[in-house]
Amino acid sequence: MFRWDNFPSPRVGPPGIKPRWFIYLGQSDIFSQVVFAHFCTTTTQTQHFAPGGSRQNHDKIKFARGSSPFDEDCFLDCDEPPYTDSLQKLENEKNIEVKGILSEQTMRQIYNRLLLSNDYSYAVLCDIHRSFNMSGISGLKKPKIP
């Protein structure tokens, strides 16, 4: 997990308003011309997931304050596409701070939920599957060929 202050590419709102929290999911093959990192963001805007909210029907995972490295209640929206950026850019970004590591069980839960999402391409899911295996999280279902 990492926090990115002044995140330059939000999908909603102007860049750099507040720090964004991200969950690193993996990367493309190291033999690619450019190695891309895949990561997803969380939101503290929990009201959007409540009945009548704009994301009430989205698949989500809640992270409670104090039960994870997060310092506020937040949701990972499994029905939002991931961010993808050059791994080299992330490694050189001065506004990124590593904040912790989620448990293997939590990462498995995230993977299994993302596997059901229509917002993650087959190629990205394959990258994430391979990355999880390389980090010791094995035995996961392979993504289905579309």
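Up top is the structure.
Just so it is clear, the structure is predicted and the values come from calculations on it, not from any experiment. (Residues numbered from 1 in each chain as written. Predicted model: local features only at pLDDT ≥ 70, side-chain atom pairs only at ≥ 80, totals over all residues. Heavy atoms only, no water.)

Peer 1: Would you mind going over the packing of aromatic side chains with me for this structure?
Peer 2: Aromatic ring pairs are described here by two measures, namely the spacing of the ring centres and the angle between the planes. According to the stated counting rule, one finds 14 aromatic pairs in the structure shown. Ring geometry for phenylalanine 2 versus phenylalanine 22: centroids 5.3 Å apart, planes at 20 degrees, classification stacked. With phenylalanine 2 in strand β1 (residues 2-4) and phenylalanine 22 in strand β2 (residues 20-27), this pair connects stretches of sequence that are 20 residues apart. Of the two residues examined, phenylalanine 2 and phenylalanine 22, each falls in the buried class. (Phe/Tyr/Trp six-rings, centres within 6.5 Å; stacked < 30°, edge-to-face > 60°. Helix = DSSP H or I, 4+ residues; strand = E, 2+ residues; numbered from the N terminus. Buried < 20%, exposed > 50% of the residue type's maximum accessible area, 1.4 Å probe, protein only.)

Peer 1: So what exactly am I meant to see when it comes to the environment of leucine 125 here?
Peer 2: Tracing the sequence through the fold places leucine 125 in helix α3 (residues 122-134). Overall, leucine 125 belongs to the buried group, its relative accessible area being 6%. Placed 99 residues apart in sequence, leucine 125 and glycine 26 show a C-alpha to C-alpha distance of 9.4 Å. If sequence neighbours within four positions are ignored, leucine 125 has contacts with Tyr111, Leu114, Leu115, Tyr120 and Pro143. (Contact = heavy atoms within 4.5 Å.)

Peer 1: So what exactly am I meant to see when it comes to the pairing of β2 here?
Peer 2: Counting buried residues along β2, seven of its eight residues qualify, which places the element largely inside the surrounding structure. In this structure, β1 lies alongside β2, joined through three bridges in antiparallel fashion. Looking across to β2, one finds that tryptophan 4 is bridged to arginine 20. Pairing between β2 and strand β3 (residues 36-43): five bridges, direction antiparallel. Note on β3: the bridge partner recorded for glutamine 27 is alanine 37. (Pairing = 2+ DSSP bridges.)

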